[in-house]
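Survey of secondary and tertiary structure
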Amino acid sequence: MKTDDFSAEPVAVEQIVTSSPNKAAQWLNSGKLLAYPTESVWGIGCNPFNQSAVEQLLAIKQRPIDKGMIVVTDHIDRIAPLLNTLTSAQRQSIIDSWQMMANQQAQTWLLPLSTELSVPIPYWITGAHNSVAVRVIAHPLIQQLCSQMVSADNPYGFIVSTSCNPSGQPPALSLEEARRYFFSTDKQSPDKQSTDKQSTDELSVDIEAIDKQRSASKQMRYLSGPTLEYQLPSQISDALTGQVIR
């Protein structure tokens, strides 16, 4: 008598963590969000030319589009058109800040938009500004990732860089912390006891925000590696005035 064989090969679990910049670039180009190590803390990024991915990232960060996003790249030469609008002194100050980093502090600069750009920077990256926040990243792993992102649509090798944390929480310092933040958002669902105390309007807003975060979290992938352990938080400065913004 024939016995049905119910044994089967195990179902492959979708890979969400890699140490390969090439694989991470494939994820970014397919619209995924990526958590990755930076100079001091972990960041979250996406392909800045993919509007849907940026909107997912804004949702998970609860960040308004008008604020704009920081982008990072691997080499100064990739952003030459953005630097060409500056004076030689302004350019040299920026280049020095990226090449030296003697104080172990990541430096981001607000660079004025240029008509020389072969591919315009989209409004969902610049926000309500006539500039774009750019950093040539010092992390070797992310430099490799940025080089993998270079294409006709993204000649600058840009990826978005914002801190890896939900709104109101400290940035993740490790892969484990990043995954705890975003691997599942079920724990963020409001329980009955707490929601009983809320008005209908407040509850509606909470549920909408949770749904957006849960949807975005499903797009999250992870590039494994250590940070560079910079102790100072990243600094943002205006390229035209030299003023420190943050």
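These figures come from a predicted structure and were not determined experimentally. (Residues numbered from 1 in each chain as written. Predicted model: local features only at pLDDT ≥ 70, side-chain atom pairs only at ≥ 80, totals over all residues. Heavy atoms only, no water.)

Bringing the confidence of the model for the protein into the picture now. In the predicted model, the protein carries a mean pLDDT of 86, and 79% of its residues have values of at least 70. Note that residues 1–13 has pLDDT below 50 and, in this model, 0 contacts with residues that lie over four places away or in other chains. Low pLDDT (under 50) marks residues 185–197, which in the prediction has 14 contacts with non-local residues, meaning those over four places away or in another chain. (pLDDT = per-residue confidence, 0-100. Contact = heavy atoms within 4.5 Å.)

Attention shifts here to the packing of aromatic side chains. By the definition in use, this model includes 4 aromatic pairs. Among the aromatic residues, those joined into a cluster by ring pairs are Phe 49, Tyr 156 and Phe 158. The positively charged end of Arg 179 is found above the aromatic ring belonging to Tyr 222, 5.8 Å away from the centroid. (Phe/Tyr/Trp six-rings, centres within 6.5 Å; stacked < 30°, edge-to-face > 60°. Lys NZ or Arg CZ within 6 Å of the ring centre and 35° of its normal.)

Examined against the element boundaries, Leu 28 turns out to sit in helix H1 (residues 21–29). Leu 28 sits in the buried class, given a relative accessible area of 1%. As for Leu 28 and Leu 145, which are separated by 117 residues in sequence, their C-alpha atoms are 9.8 Å apart. Among residues more than four places away in sequence, those in contact with Leu 28 are Leu 34, Gly 45, Cys 46, Asn 47, Leu 145, Met 149 and Ile 159. (Helix = DSSP H or I, 4+ residues; strand = E, 2+ residues; numbered from the N terminus. Buried < 20%, exposed > 50% of the residue type's maximum accessible area, 1.4 Å probe, protein only.)

The next thing to look at is the nonpolar core. Among the nonpolar cores identified, the biggest contains 43 residues, and Ile 79, Leu 111 and Ile 125 are the most heavily contacted of them. Residue contributions to this core peak at 5 residues, all from helix H2 (residues 51–61). With 15 residues, the next largest nonpolar core counts Trp 27, Ile 142, Cys 146 and Leu 223 among its residues. (Core = buried A, V, L, I, M, F, W, Y, C linked by side-chain atoms within 4.5 Å.)

Roughly 730 Å³ of internal volume is contained in the largest pocket. Elements that contribute at least two residues to the lining of the largest pocket include exactly strand E3 (42–45), helix H5 (123–126), strand E6 (131–136) and strand E8 (162–163). No other element matches E6, which puts 4 residues into the lining of the largest pocket. (1 Å grid on protein atoms, 1.4 Å probe; cavity = no way out; pocket = protein on both sides within 12 Å on 5 of 7 lines; lining within 4 Å. Points joined across faces, edges and corners; volume = space filled by probe spheres on them.)

This part covers helix H6 (residues 140–149). If you check which residues of H6 are buried, you get Leu 141, Ile 142, Leu 145, Cys 146 and Met 149. Viewed along the axis of H6, the buried residues span an arc of 135°, placing them on a single side of the element. (Arc of directions from axis to C-beta.)

A word on the sheet that holds strand E1 (residues 17–18). Pairing is mixed in the open sheet, where 5 strands are placed in the order E1-E9-E2-E3-E8. Looking along the sheet, the strands with just one partner apiece sit at the ends: E1 and E8. Looking at chain direction, strand E2 (residues 33–37) and strand E9 (residues 220–223) are connected through 3 bridges and run parallel. Looking at E9, one finds that Leu 33 is bridged to Met 220. Against the sheet, H6 touches E2 and E9, its axis set at about 145° to E2. (Pairing = 2+ DSSP bridges. Axes fitted to C-alpha atoms, helices over the stretch in contact; angles between N-to-C directions.)

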